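This is what each chain is made of:
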Amino acid sequence: MAEEILLGGGSAVVEGKKVMVAVEESEYSHYALMWTLNNLRESISAPDSQVLIFMAQPPPQHVVTFAASLGSARLYCPVSVTPEFANSVQENHKKLTVALLDRAKEICTERGVKAETIAEVGDPKTAICNAIQKYNVDLLVMGERGLGRIKRAFLGSVSNYCIQNAKCPVLVVKKLP
């Protein structure tokens, strides 16, 4: 289960509805946020609506794998990390998360939309779906990363997982070339 790490102030609007925009550091999620602000303006500006900007912070890893070069071959070595290193990495993730959410909220404010920011620690797929239920979200908006079929098959797709498992409609915004 995801652990809540921060909650920003403010509330926005969608005729009594809650719209959650899932963001991360890619241009695709930024595009999804801009698309939402441009195309759902009337809905998200209603006095009884609310916009939530959500970001999942990666969970701490206790083992790190690195590649060591051995001539033309590579050796992949799992290494246990010290608690200090794990805390440092987690603190840096938190700073990045706060900065990205603050920027997204600033973009909303510049466009006259009040938004609340939420970040939780956990795998993005499950953290997003859990947040939908926790905050009674009526619509999830997210960007498509543009993974090809093969990469999506191996890596999985957060948007596909959310489409299959979210307890609300999911709008996936595709960035056109």
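Rules and cut-offs
Within each chain, residues carry numbers counting from 1 in the order of the written sequence. Predicted model: local features are reported for residues with pLDDT of at least 70 only, side-chain atom pairs are reported and counted for 80 or more only, and whole-chain, interface and lining totals are derived from all residues. The basis for the side-chain values is all heavy atoms of the structure; hydrogens and waters are excluded. Each helix is a run of H or I in the DSSP string that is no shorter than four residues. Each strand is a run of E no shorter than two, and both are numbered from the N terminus. Working definition: with a 1.4 Å probe on protein chains only, accessible area under 20% of the residue-type maximum means buried, over 50% means exposed, and in between means partly exposed. In what follows, a contact means two residues having at least one pair of non-hydrogen atoms within 4.5 Å. Each accessible area is a Shrake-Rupley result for a 1.4 Å probe, and residues are judged covered by the shown protein chains and nothing else. As used in this structure description, the phrase polar contact means that two N or O atoms lie within 3.5 Å; if the pair is within protein, one of them must be able to donate a hydrogen and the other to accept it, and residues adjacent in sequence are counted only when both atoms belong to side chains. Any Lys or Arg side-chain nitrogen located within 4 Å of an Asp or Glu carboxyl oxygen qualifies as a salt bridge. Any two strands between which DSSP finds at least two bridges are classified as paired. In this analysis, the expected span of each helix is defined as 1.5 Å times one less than the number of residues it contains. Put simply, buried Ala, Val, Leu, Ile, Met, Phe, Trp, Tyr and Cys residues joined by side-chain atoms within 4.5 Å make one nonpolar core. Here the axes come from fitting lines to C-alpha atoms, over the contacting stretch only for helices, and the angles between their N-to-C directions go from 0 to 180 degrees. Roughly parallel means an angle under 35 degrees; roughly antiparallel, over 145; roughly perpendicular, 65 to 115; everything else is oblique. Crossing handedness is defined as follows: a turn of the near helix away from the far one that is anticlockwise and smaller than a right angle gives a left-handed crossing, while the clockwise case is right-handed. In this classification, Asp, Glu, Lys and Arg are treated as charged, Ala, Val, Leu, Ile, Met, Phe, Trp, Tyr, Cys and Pro as nonpolar, and every other residue, Gly included, as polar.

**Q** Please explain the overall build of the protein as it appears in this structure.
**A** Within the protein, the regular secondary structure consists of six helices and eight strands. In the protein, the order of α-helices and β-strands from amino to carboxyl end is β-β-α-α-β-β-β-α-β-α-β-α-α-β. Of all 177 residues assigned to the protein, the portion counted as buried reaches 37%. Pairs at least 24 apart in sequence give 80% of the contacts found in the protein among residues at least 6 apart. Of the roughly 10,500 Å² of accessible surface on the protein, 54% is carried by carbon and sulfur atoms.

**Q** I tried to follow the environment of Ser49 on my own but got confused; where do I start?
**A** For Ser49, the position within the fold is in the loop between helix H2 (41-44) and strand E3 (50-57). Residue class for Ser49 comes out buried when judged on its relative accessible area of 3%. Along the chain, Ser49 and Lys17 lie 32 residues apart, while their C-alpha atoms are 4.9 Å from each other. At a separation of 3.2 Å, a polar atom in the side chain of Ser49 contacts the main-chain carbonyl oxygen of Ser43.

**Q** Sorry if this is basic, but what is going on with the pattern of salt bridges here?
**A** Pairing of side chains with opposite charge becomes possible as their charged atoms draw close. Scanning the model with the defined rule gives four salt bridges in all. Close ionic contact of Glu106 with Arg103 constitutes a salt bridge, the shortest N to O distance being 2.8 Å. Of the two residues, Glu106 and Arg103 are both situated in helix H3 (residues 83-110); the distance of three residues between them amounts to about one turn of the helix. Put simply, Arg103, Glu106 and Glu110 are held in one network by salt bridges that share partners.

**Q** Mind showing me how you'd approach unusual backbone geometry here?
**A** Excluding glycine, a negative phi dihedral is what most residues carry, and trans is how most peptide bonds are arranged. One non-glycine residue, Asn136, lies in the positive phi region at around 50°. Relative to the assigned elements, Asn136 resides in the loop between helix H4 (124-134) and strand E7 (139-143). On the basis of relative accessible area, Asn136 is assigned to the exposed category, the value being 56%.

**Q** Help me understand the pairing of strand E6 (residues 116-121), please; the structure alone is not making it clear to me.
**A** Two faces belong to every sheet, and in a regular strand the side chains alternate between them. Burial analysis of E6 places six of its six residues in the buried class, the great majority of the element. Where burial is concerned, the two faces of E6 agree: the one with Glu116, Ile118 and Glu120 and the one with Thr117, Ala119 and Val121 are both buried. As paired strands, E3 and E6 are joined by six bridges and run parallel to one another. Paired with Met55 across the strands is Ala119, a residue of E6.

**Q** Looking at this structure, I do not really get H3. What am I missing?
**A** Compared with an ideal rise of 1.5 Å per residue, which puts 28 residues at 40 Å, H3 spans 40 Å between its outermost C-alpha atoms and is within 8% of the ideal. Taken residue by residue, H3 has Ala86, Gln90, Thr97, Leu101, Ala104, Ile107 and Cys108 as its buried positions. Just downstream of H3, Gly112 is the residue with a positive phi angle, here 80°.

**Q** Mind showing me how you'd approach the nonpolar core here?
**A** Soluble globular proteins tend to bury their nonpolar side chains together. If you look at the biggest cluster of nonpolar residues, it comprises 21 residues, and the most contacted ones within it are Leu33, Leu37, Ile44, Ile53, Cys108 and Val141. Counting only elements with at least two residues in this core, the list comes to strand E2 (18-22), helix H1 (27-39), E3 and H3. Aside from chain neighbours lying at most four places away, what touches Leu37 is Ile44, Ile107, Cys108, Arg111 and Val113.

**Q** Help me out: how do you make sense of the packing of H1 against H3 in this one?
**A** Relative placement of two packed helices is described by the angle separating their axes and the distance separating the axes. Running from N to C, H1 and H3 point in directions that differ by 20°, and their axes come no closer than 11 Å. Relative to H3, the element H1 lies roughly parallel. Here the hand of the crossing between H1 and H3 comes out right-handed. Facing H1, whose interface residues are His30, Leu33, Met34 and Leu37, H3 presents Ala104, Ile107 and Cys108. Of the residues that constitute the contact of H1 with H3, the class distribution is six nonpolar, one polar and no charged.

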